[in-house]
Amino acid sequence: CFNFCHSNTVYGTCMMEEERQEDVSSDDTFTIEELRPEDVDTVTTIFVENMDEQKSGTPEEAHAGFDEYVAGCLKEDMADPYKSYMHAERSTFLVAKQNGVIAGYVACHPCKIGDPDFYAKAEEMFAAGTLPVQRDNIAELRRMHVRHSFRGRRLGERLLRVLLQWMQRHNYTGVHLSSLREMVVAGRMYRKHGFTLLYEEPLPGITIQHLFRPLP
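Nothing here was measured: the structure is a model prediction, and the numbers come from that model.

(A) Region of interest: the pairing of strand β9 (residues 206-214). The element β9 is largely enclosed, with a buried count of eight among its nine residues. Sheet topology places strand β7 (residues 174-180) next to β9; seven bridges connect them, and they run antiparallel. By the bridge assignment, Ser179 is partnered in β9 with Gln209. Where strand β8 (residues 196-203) and β9 come together, seven bridges link them in antiparallel fashion. Note that in β9 the partner of Tyr199 across the bridge is His210.

In structure tokens form, the structure reads like this:
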């Protein structure tokens with residue numbers, strides 16, 4: 001997902017920005033479609049804005065890692081998300097719009113691409129019986145972002161449901177994601193949709209949680 005570096009240690013993870021307040025209502029006026037080339041600039045702007053907001057809510061000791069993460073993403077998959085996702089095998093980037101305005105998005109890569117560090121661990125976990133799915137059948141859920149002005153409408157849940165359906169159609173049998181333990185609302189949403197904790201990675205000021213759920 002991304003390389004979050006500290007003290008010469010590289011952690012592969014994916015920061016997920018979801019609603020910080022409780023969802024209060026659903027909204028059926030959103031359309032969800034695949035990313036288009038003309039959407040890329042707005043998608044990148046939302047990513048940077050959300051990461052700045054998330055950084056501001058963490059201890060100062062975590063800020064250097066956030067800055068490295070954003071800079072790395074803007075050189076890697078977020079440099080051209082259309083090419084990174086829409087031209088990659090078994091990958092997608094879904095965008096939610098309301099009246100043509102991008103409200104949020106979520107993406108998927110094969111785990112091997114999305115989180116190479118977890119992919120390396122997954123083979124041993126499968127052999128030990130702690131992971132029920134072989135690693136090449138695991139999808140990596142990435143880039144869950146909802147624009148601030150569109151939060152509180154259960155848009156994150158809707159994006160998640162649509163992406164899980166997409167993963168099933170593309171023959172994935174499990175999905176991995178990583179988030180922050182401090183993002184309580186996002187964590188609650190993922191658990192509501194069947195994700196369970198595999199393990200945690202402590203970093204200065206934050207804790208990364210690795211979550212997994214099988215797909216039918």
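Next comes the rest of the account.
(B) Representation of unusual backbone geometry in the model. In this structure, Arg143 takes a positive phi of about 55° despite not being glycine. Residue position: Arg143 is located in strand β6 (residues 138-146). Judged by relative accessible area, which is 0%, Arg143 ranks as buried. Positive phi values are uncommon outside glycine, yet Asn171 reaches one of about 70°. Mapped onto the secondary structure, Asn171 falls in the loop between α6 (155-169) and β7.

(C) Structural context of the packing of aromatic side chains. This structure, assessed with the given rule, holds five aromatic pairs. Ring centres 5.1 Å apart and planes at 35° place the aromatic pair Phe93 and Tyr105 in the tilted group. On the criterion of sequence distance, the pair formed by Phe93 in strand β4 (residues 92-98) and Tyr105 in strand β5 (residues 101-110) is long-range, its members being 12 residues apart. By relative accessible area, which is 0% here, Tyr105 ends up buried.

(D) Focus on the packing of α6 against helix α7 (residues 184-192). Running from N to C, α6 and α7 point in directions that differ by 40°, and their axes come no closer than 11 Å. Of the possible angle classes, the one that applies to α6 and α7 is oblique. For the pair α6 and α7, the sense of crossing is right-handed. Where α6 abuts α7, its residues Gly156, Glu157 and Leu160 lie against Met189, Tyr190 and Lys192. Partitioned by chemical class, the residues of the contact of α6 with α7 number three nonpolar, one polar and two charged.

(E) Broad picture of helix α2 (residues 63-75). Taking 1.5 Å of rise per residue, the 13 residues of α2 would be expected to cover 18 Å, and the 19 Å separating its terminal C-alpha atoms lies within 8% of that figure. Residues of α2 that are buried: Gly65, Phe66, Tyr69, Val70, Gly72 and Cys73. Projection of α2 onto a plane perpendicular to its axis shows the buried side chains occupying an angular sector of 165°, all on one side.

(F) Representation of the sheet that holds β6 in the model. One open sheet holds the seven strands; their spatial order is β3-β4-β5-β6-β7-β9-β8, and the pairing between them is mixed. Lying at the two open borders of the sheet, with one neighbouring strand each, are β3 (31-34) and β8. Neighbouring strand axes in the sheet, compared pairwise and without regard to direction, differ in orientation by 25° on average. As paired elements, β3 and β4 share four bridges and run antiparallel to each other. What sits directly across from Thr31, in β4, is Lys97. On the sheet, α7 packs against β6, β7, β8 and β9 and is oriented at approximately 15° with respect to β9.

Conventions we followed
- Residues numbered from 1 in each chain as written.
- Predicted model: local features only at pLDDT ≥ 70, side-chain atom pairs only at ≥ 80, totals over all residues.
- Heavy atoms only, no water.
- Buried < 20%, exposed > 50% of the residue type's maximum accessible area, 1.4 Å probe, protein only.
- Helix = DSSP H or I, 4+ residues; strand = E, 2+ residues; numbered from the N terminus.
- Pairing = 2+ DSSP bridges.
- Phe/Tyr/Trp six-rings, centres within 6.5 Å; stacked < 30°, edge-to-face > 60°.
- Axes fitted to C-alpha atoms, helices over the stretch in contact; angles between N-to-C directions.
- Parallel < 35°, antiparallel > 145°, perpendicular 65-115°, else oblique.
- Left-handed = near helix turned anticlockwise from the far one by under 90°.
- Contact = heavy atoms within 4.5 Å.
- Nonpolar A, V, L, I, M, F, W, Y, C, P; charged D, E, K, R; others polar.
- Expected span 1.5 Å × (residues − 1).
- Arc of directions from axis to C-beta.

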